[in-house]
Amino acid sequence: MQPELELEDVQGLVARGYRTLPAGCFTLFGVEDPAAGDTLEGLIPRIPNAGPFTGDVALHLALTASGLRRLGLPAPIMEGFAAEFTEGMTAPHRSRFLGDTGDTDPRSWLWGGPASPRCDGMVLLYARDATLLNAQQDLLCQALRAGGLTVLAELRTLPFTDTEPFGFRDGISQPVIEGLSKAAAAARTVPAGEFVLGYPNAYGLLTDRPLLPSSADPDRLLPRDHRRDGLADLGRGGSYLVLRQLEQDVAAFHRYVKDAAGPAGPDLLAARLIGRWPSGAPLVKTPDDDPRLRDDNEFGYHRADPYGLACPIGAHIRRANPRDSLDPDPGTAKSLEINDRHRLLRRGRPYDTDGATGLYFLCLSGNLARQYEFVQHTWVNDPAFNGLSDATDPLVGPRGPGGTTFTVQARPARERHLGLPAFVRVRGGAYFFLPGIRALRYLARLPRTRGASGGHRTRARR
Amino acid sequence: MPHQIAVTIRAPIDEGRADELRKRLVEVGRAGMAGAPFRFDRLPGVHFARFFVLPEQQDLTGAVIPAGLVYLGEVDAPLGRHLANLLDVAGEGVDEVFGYCTGYPGTGASRTTRLRWLRAHSMPADAFYVNTIGRGQAQIRAEATLRAAIEEFLDGQHEDLSDRTPLQIRQEIRAYVNDTPELAWALHPPPRPALSWRAKEALHRFGVPALLLPALPALIVAAPVWAVLLRLHELRDEPDTERPAPEQLQELAELEDLAAQNPFTAVGLVKPGPLRGLTIRLVLSAIDYAVRHHYGHADLAGVKTIHFARWVSMDDRRRVLFASDYDGSLESYMDDFIDKVAWGLNAVFGNGVGYPRTRWLLFGGARDEQAFKYYLRRHQIPTAAWYSAYESLTARNIERNALIRAGLNGEMSPAEAERWLRML
C-alpha cells in the first residue's frame with residue numbers, strides 16, 4: 001500500500017513550474033545572524049503547497065548545506081542528507097565528475113564557486129507580471145537584509161516562455177509524479193519517492209534522509225517516521241534542488257550550424273543536435289517541423305529509429321532521456337523501467353541580463369547521485385555514450401581542447417561533424433534542499449531553540 | 001593472440017609503514033603509471049594494473065590480519081613474461097613499493113631472487129571474468145587506431161558517398177586499408193589463443209560436468225537440506241546499517257572518474273560457519289565455470305561494461321577480494337548491478353558479513369538499493385595507483401572496433417555491408 005502524498009506539506013514547486021506566473025526571480029542569500037531564522041519563518045505562510053493553486057504570487061524557499069549548518073543543524077543530523085548535497089556541487093572530484101573543468105571551472109563562476117561569497121539559500125519568487133514581481137522582490141530584499149541575511153544575487157528570469165534561448169521548445173518531457181493531480185491523465189508515472197523524500201521510491205524503498213531523535217523536536221513540528229521507531233523525519237516532503245546557470249552563446253550556435261550544415265541546411269542540423277524541431281516536434285516522428293506534434297512526448301527510439309537515422313543517437317534529447325534505447329533489451333518495458341530511475345523534474349527558466357543569455361537550469365531530485373548526477377555524467381558528459389566515440393552532448397556536454405564530435409547516422413554512411421565548439425558555459429551552481437513545509441518551520445526555528453538550549457550556536461539575541 | 005590472465009601478488013607490509021606506502025602510491029598514481037617509476041606503457045600485454053594497500057583488519061575472532069601491499073594485473077599470458085617485465089621495465093617502481101614489504105630481497109638481490117619472491121607471493125584467483133577471451137592488449141590498441149583511420153578516410157570521402165552502395169563503400173575502405181602499410185594487418189583475422197590452452201579449456205568445459213554427473217543423485221538429495229539451512233542462516237544474519245563516512249567517500253571519489261573506465265577494489269569477511277564457507281566455495285566455482293565457458297563474449301549476465309573482474313579468496317578463506325575494471329561511474333556500475341544482475345551479486349556477496357539481507361541466496365540483497373550501495377562503498381579499498389592501457393575505450397567501443405576489423409575480411413551481402421557501415 002502506497003502512503004498518500006501529503007500535498008499540504010510539499011512545496012508547490014514540486015507540483016508545478018508556474019506557467020501562470022511568468023515573472024520570476026531567484027534570490028540567493030547568506031545567513032548572517034540567528035535572526036535569519038525568524039525572517040525565514042516569516043516567509044513560510046507565503047509558500048504555496050502542492051495542492052491546487054490559483055494565486056498571483058508564489059514564493060519558495062530552499063537551503064544549501066552551509067545554510068542548514070548556519071541555522072544550527074548539528075553535524076550528526078547533517079550526515080543524514082545525501083553526501084552529494086553536504087559536500088556540495090563544487091568539491092573538486094565532483095567538478096570533474098560533472099564536467100565543470102577548464103572554461104567552466106567553479107573558480108570562474110559568478111556565484112556558488114569557491115571564490116564567491118558562501119551561498120546559504122535561495123528564495124524563488126514568481127508573479128503574474130513584472131510590476132507585481134518587482135514590488136514583491138523589493139519588499140523581499142528589504143526584509144532579508146533587515147532580518148539577518150545578505151542578498152548575494154538576484155537572478156532575474158525572462159518572462160516565462162516555453163522556448164529556450166537557442167529557439168527550441170523546452171520542458172516538454174517531464175516525469176509525472178504519482179499522487180499529484182496530473183497523474184490521473186498520464187500514461188506513465190513515477191513513484192512520489194523519486195522526487196519527494198519520505199515516500200517509497202522506484203525500488204519501493206524510502207531514500208535515506210535525516211531522521212532525528214524525538215527529543216530533538218519537542219514541539220512536534222516534524223512528522224514521525226513510524227517505520228523507524230517514531231523518529232522525527234526532517235526529510236519528509238522535501239526534495240533536492242539543483243540550480244545551474246547555463247550561459248548560452250546563441251550567436252555561436254547559429255553561426256556554427258550555418259557554417260557546418262552543408263546542403264541539408266542549418267535548420268536541420270540544429271534540430272539534429274537537439275532531437276526536436278524548434279516547435280518541439282520530435283525528429284523521431286517527423287522529418288519536417290510539424291507544429292501539430294509540438295507537444296508530442298509519446299515515443300520511444302528503439303522500434304521507430306534504432307540506428308539514429310531519424311534522430312541521431314547523440315542528439316541532446318536522446319541522451320538526456322534515452323527512453324527505451326538502452327540496455328538491457330532496448331525497446332522493452334525493462335529498459336523504460338530503468339530509464340525511469342534517472343529522471344529529472346525540470347523547473348528552469350531562461351534569462352537575459354547584461355547582454356548574457358542563458359538558462360537557469362533547475363531540477364528536483366530525490367536522489368542526486370542516481371538522478372541528476374547520473375544523467376549529467378553517464379548520459380550527457382560521457383564521450384562513449386551508447387556506443388559513440390569522442391562525443392559528449394552536442395548542446396550542453398563539456399568540451400575537450402578539440403571540441404567534440406557529432407555524428408549524423410545516415411545511409412549509406414554517417415556524416416561526422418568534428419570539433420563542435422562549446423555553446424553553453426556553466427557560470428554558477430549549487431545544490432539546495434527544498435524542505436517540506438513542516439521541516440522548513442523546524443529549520444527556521446532552530447537558531448532560537450538552539451540558542452535557548454545552549455546549542456553550539458549561542459549567539460541568539462532573543 | 002594469447003589469452004588473458006589475472007596476476008595477484010600480495011605481501012605483508014613492514015610494521016608501521018602502511019600509511020607511508022599508501023601515500024606514496026597515491027602520489028605515483030596521480031602522476032600517471034605510464035611514466036616513471038613504473039613505465040607501464042612500456043610493458044607489453046598489460047591491459048590494466050593496480051597497486052593498493054589492503055589495510056589491517058580484524059577477523060571475526062578478533063585476530064589481526066596485517067596490512068598488505070597488493071598488485072593486480074590483467075595481462076596477456078604468459079605469466080613469466082609479465083613478471084620478468086615487472087622487474088626489467090617497471091623495476092624501479094616495483095623495487096620501491098615492494099621494498100616496504102617484509103622480506104623483499106631488494107635491489108641488491110639478483111633478478112632471479114626477486115623473481116622467485118614475486119612468484120612466491122603470487123596467488124590464484126578463484127574466478128576471473130574476461131570481457132572477451134583472447135582479445136589481447138595489442139589487438140585492442142591496434143583496432144582503435146584502425147577505426148580512427150577508417151573514420152578519417154570516410155570523412156574525406158563524404159561528398160562522393162551518397163550515390164554509392166554500401167558494398168562499394170566497403171570495397172573502398174578495404175582498398176584504403178590494403179594500400180596503407182601501417183593498417184594492412186587488419187585484413188587478416190586476429191590470431192587465436194594457443195591451441196594447447198584452448199584444448200585445456202575445452203577439457204575443463206566438458207570434463208567438469210562429466211565428473212559431476214555421477215554425483216548428481218547425491219546433490220539432488222543434498223540441495224534442499226542445504227537450502228533450508230542457508231535460509232535459517234539468512235534469518236539470523238545481521239545486515240550492516242552503517243553509512244560510509246564522508247571522509248571515506250571523499251577519499252574514494254578523488255581517485256575515481258579519471259578515464260573512461262574505473263577500477264573497483266573491495267574486500268570483505270566471509271560469514272562464519274562451515275555452511276557459508278561451503279556456499280561461497282560452491283558459488284565461486286560456479287562463477288569460475290560460467291565466466292570461462294559462457295560469459296567470455298562481452299556480456300556478464302547482462303552487464304556489458306566490465307572489462308575484467310576477479311574474485312580471490314584469501315587468509316584461509318576468511319576474506320574474499322573482488323576487483324574489476326568497468327566503464328563509467330561507480331553509481332552507474334552499482335545501478336547496473338541492482339537493475340540487471342542483483343542475483344549474481346547476492347550469490348557471492350550474500351556470504352559477506354554485513355551484506356543486505358538475502359532470501360534464498362539470490363533474492364533481496366542488492367535490491368535494497370541504498371543498503372547495497374553503502375555496503376559496497378564501506379568495503380571498497382581506495383585503488384591508490386591504477387593503470388589503463390586504453391583510457392578512452394569502453395568495452396562497447398572495443399567490441400565495435402573488433403567488429404569493424406572483422407568486417408574487412410570475407411564476402412558480404414549488401415545487407416551485411418549496410419549493417420557493417422552502421423558501426424562507423
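Quantities reported herein were computed from a predicted structural model and do not represent experimental measurements.

Calculation rules
Residues numbered from 1 in each chain as written. Chains lettered and ligands numbered in written order. Predicted model: local features only at pLDDT ≥ 70, side-chain atom pairs only at ≥ 80, totals over all residues. Heavy atoms only, no water. Helix = DSSP H or I, 4+ residues; strand = E, 2+ residues; numbered from the N terminus. Rg over C-alpha atoms; globule rule 2.2 N^0.38 Å. Buried < 20%, exposed > 50% of the residue type's maximum accessible area, 1.4 Å probe, protein only. Contact = heavy atoms within 4.5 Å. Pairing = 2+ DSSP bridges. Domains from an automatic or database assignment. Buried area = accessible area lost by both parts, 1.4 Å probe. Salt bridge = Lys/Arg side-chain N within 4 Å of Asp/Glu carboxyl O. Polar contact = N/O pair within 3.5 Å; in protein donor to acceptor, adjacent residues only side chain to side chain. Nonpolar A, V, L, I, M, F, W, Y, C, P; charged D, E, K, R; others polar. Axes fitted to C-alpha atoms, helices over the stretch in contact; angles between N-to-C directions. Parallel < 35°, antiparallel > 145°, perpendicular 65-115°, else oblique. Left-handed = near helix turned anticlockwise from the far one by under 90°. Phe/Tyr/Trp six-rings, centres within 6.5 Å; stacked < 30°, edge-to-face > 60°. 1 Å grid on protein atoms, 1.4 Å probe; cavity = no way out; pocket = protein on both sides within 12 Å on 5 of 7 lines; lining within 4 Å. Points joined across faces, edges and corners; volume = space filled by probe spheres on them. Patch = residues over 30% accessible without salt bridge, like charges linked within 9 Å, V, L, I, M, F, W, Y side chains within 5 Å. Areas by Shrake-Rupley, 256 points an atom, 1.4 Å probe, with all protein chains shown as cover.

Section: the overall build of chain A
Right, on to step 1. For chain A, the count of helices and strands is 12 helices and 14 strands.
Right, on to step 2. Relative to the compact-globule value of 23 Å for 462 residues, chain A shows a C-alpha radius of gyration of 22 Å, a close match.
Right, on to step 3. In terms of its C-alpha atoms, chain A occupies a principal-axis envelope of roughly 75 × 50 × 40 Å.
Right, on to step 4. The burial tally for chain A puts 61% of its 462 residues in the buried class.
Right, on to step 5. Of the contacts made within chain A by residues no fewer than 6 positions apart, 69% connect residues no fewer than 24 positions apart.

Focus on the pairing of strand β13 (residues 415-420) of chain A
All names here are of chain A.
Right, on to step 1. One ladder, built from 4 bridges, connects strand β12 (residues 404-408) with β13; its direction is antiparallel. Bridged to T407 within β13 is R416.
Right, on to step 2. In this structure, the hairpin formed by β12 and β13 is closed by a connection of 6 residues.

Notes on the domain arrangement of chain A
All names here are of chain A.
Right, on to step 1. Each domain of chain A was delimited in the assignment, giving domain 1 (7-243 + 431-452) and domain 2 (248-344 + 384-427).
Right, on to step 2. Centre-to-centre, using C-alpha coordinates, domain 1 lies 31 Å away from domain 2.
Right, on to step 3. Tallying the contact residues gives 26 residues for domain 1 and 33 residues for domain 2.
Right, on to step 4. Summing both partners gives a buried area of about 2,400 Å² for domain 1 against domain 2, and 56% of it is carried by carbon and sulfur.
Right, on to step 5. When the buried area of domain 1 at its contact with domain 2 is split by residue, F166, F168 and R169 rank highest and sum to 32% of it.
Right, on to step 6. The tally of links between domain 1 and domain 2 comes to 2 salt bridges.
Right, on to step 7. Taking the shortest distance from any N to any O, the salt bridge between R169 and D295 comes out at 2.8 Å.
Right, on to step 8. Across the domain 1-domain 2 interface, the total number found is 13 residue pairs in polar contact (both at pLDDT 80 or more).
Right, on to step 9. Across the side of domain 1 that touches domain 2, the residue classes break down as 13 nonpolar, 6 polar and 7 charged.

Examining the packing of helix α6 (residues 166-179) of chain B against helix α15 (residues 414-421) of chain B
Helix-helix packing: each pair is described by the crossing angle between the helix axes and the interaxial distance.
Residue and element names in this part refer to chain B.
Right, on to step 1. Running from N to C, α6 and α15 point in directions that differ by 60°, and their axes come no closer than 8 Å. Between α6 and α15, the interaxial angle falls into the category oblique. In this structure, α6 crosses over α15, and the sense of that crossing is left-handed. Packed against α6, whose contacting residues are P166, L167, I169, R170 and I173, the element α15 presents P414, A417, E418, W420 and L421 at the interface.

Some details on the pattern of salt bridges
Right, on to step 1. For the structure shown, the criterion picks out 69 salt bridges over all chains.
Right, on to step 2. Measuring nitrogen to oxygen at the nearest pair gives 2.6 Å for the salt bridge that ties A:R414 to B:E151. One end of the pair, A:R414, is in the loop between β12 and β13; the other, B:E151, is in helix α5 (residues 137-161), on a second chain.
Right, on to step 3. Judged by its relative accessible area of 2%, A:R414 falls in the buried class.
Right, on to step 4. For B:E151, a relative accessible area of 2% translates into the label buried.
Right, on to step 5. Residue B:K271 pairs with B:D237 through a salt bridge whose shortest N-O separation is 2.8 Å.

Observations regarding the packing of helix α7 (residues 250-260) of chain A against helix α8 (residues 266-274) of chain A
Residues and elements named next belong to chain A.
Right, on to step 1. Packing of α7 against α8 brings their axes to within 8 Å, and their N-to-C directions diverge by 120°. Like other packed secondary-structure pairs, α7 and α8 cross with a definite hand, here right-handed. In this structure, α7 uses F253, Y256, V257, K258 and A260 to contact α8, whose residues at the interface are P266, L269, A270, L273 and I274.
Right, on to step 2. Here the residues of the contact of α7 with α8 sort into 9 nonpolar, no polar and 1 charged.

Considerations on the packing of aromatic side chains
Residue and element names in this part refer to chain B.
Right, on to step 1. For the structure shown, the criterion picks out 44 aromatic pairs over all chains.
Right, on to step 2. Ring geometry for F51 and F98: centres 6.1 Å apart, planes at 65°, overall edge-to-face. One end of the pair, F51, is in strand β2 (residues 46-54); the other, F98, is in helix α3 (residues 91-98), with 47 residues separating them in the sequence. Here F51 matches F98 in class, with each residue buried.

Notes on the interface of chain B and chain A
Where interface size is given, it is often the accessible area lost as the parts come together that is meant.
Right, on to step 1. Every contact between the two is made by 44 residues of chain B and, on the other side, 41 residues of chain A.
Right, on to step 2. Taken over both partners, the interface formed by chain B and chain A buries close to 3,400 Å², and the fraction arising from carbon and sulfur atoms is 48%.
Right, on to step 3. The largest share of the area that chain B buries against chain A comes from B:R243, B:D339 and B:E369, three residues that together contribute 16% of it.
Right, on to step 4. Inspection of the chain B/chain A interface yields 8 salt bridges.
Right, on to step 5. Here chain B is connected to chain A by 21 residue pairs in polar contact (both at pLDDT 80 or more).
Right, on to step 6. When residues of the side of chain B that touches chain A are traced back to their parent elements, those giving at least two are α5, α6, α9 (246-254), α11 (330-340), α13 (369-379), α14 (395-406) and α15 of chain B.

Some remarks on empty space enclosed by the protein
Right, on to step 1. For the coordinates displayed, the defined rule picks out 6 cavities of 30 Å³ or more.
Right, on to step 2. For the largest cavity, the lining is made up of 16 residues, of which B:G268, B:V320, B:F349, B:G352 and B:Y375 are closest to its centre.
Right, on to step 3. When contributions to the lining of the largest cavity are tallied by element, the ones reaching two or more residues are β7 (261-269), β9 (319-327), α12 (342-349) and α13 of chain B.
Right, on to step 4. For the lining of the largest cavity, the leading source of residues is β7(B), giving 4 residues.
Right, on to step 5. What the second largest cavity holds in volume is close to 120 Å³.
Right, on to step 6. As for the second largest cavity, its lining consists of A:Y307, A:L309, A:Q409, A:A410, A:R411, A:P412, A:A413, A:R414, B:E418, B:L421, B:R422 and B:L424.

Notes on the domain arrangement of chain B
Residues and elements named next belong to chain B.
Right, on to step 1. As assigned here, chain B comprises domain 1 (4-130), domain 2 (137-189 + 394-421) and domain 3 (198-381).
Right, on to step 2. Where domain 1 abuts domain 3, roughly 2,900 Å² becomes buried across the two surfaces, and 60% of that area is made up of carbon and sulfur atoms.
Right, on to step 3. Inspection of the region where domain 1 meets domain 3 yields 18 residue pairs in polar contact (both at pLDDT 80 or more).
Right, on to step 4. When residues of the side of domain 1 that touches domain 3 are traced back to their parent elements, those giving at least two are β1 (4-12), α1 (18-31), β2, β3 (57-58), β5 (68-76) and β6 (127-130).
Right, on to step 5. For the side of domain 1 that touches domain 3, the element with the most residues is β2, which contributes 6 residues.
Right, on to step 6. For the side of domain 1 that touches domain 3, the per-class residue count stands at 19 nonpolar, 6 polar and 6 charged.

Re a nonpolar patch on the surface
Residues and elements named next belong to chain B.
Right, on to step 1. Side chains of V225, V228, L229, L232, L235, W343, W360, L362 and F363 sit close together on the surface and give an oily, nonpolar patch of about 860 Å² of accessible area.
Right, on to step 2. A per-element tally of the nonpolar patch places helix α8 (residues 216-236) first, with 5 residues.
Right, on to step 3. Note that W343 resides in helix α12.

Some words on the pairing of strand β8 (residues 239-248) of chain A
All names here are of chain A.
Right, on to step 1. With 9 of its 10 residues buried, β8 lies for the most part within the structure.
Right, on to step 2. Pairing between β8 and strand β14 (residues 424-434): 10 bridges, direction antiparallel. Residue pairing across strands places Q245 opposite G428, the latter belonging to β14.
Right, on to step 3. Relative to strand β11 (residues 356-365), β8 runs antiparallel, the two sharing 8 bridges. If you follow L241 over to β11, its bridge partner there is L364.

As for the sheet that holds strand β12 (residues 385-388) of chain B
All names here are of chain B.
Right, on to step 1. Strand order in the open sheet formed by 4 strands is β1-β5-β2-β12, and the pairing between neighbours is antiparallel. On the outer flanks of this sheet lie β1 and β12, each paired with one strand and no other. Adjacent strand axes in the sheet meet at a mean angle of 10°, parallel and antiparallel pairs treated alike.
Right, on to step 2. Relative to β5, β1 runs antiparallel, the two sharing 9 bridges. Each bridged residue has a counterpart across the sheet, and for P12 the counterpart in β5 is G68.
Right, on to step 3. In this fold α5 packs onto β2, β5 and β12, with an angle of close to 120° to the strand it touches most, β2.

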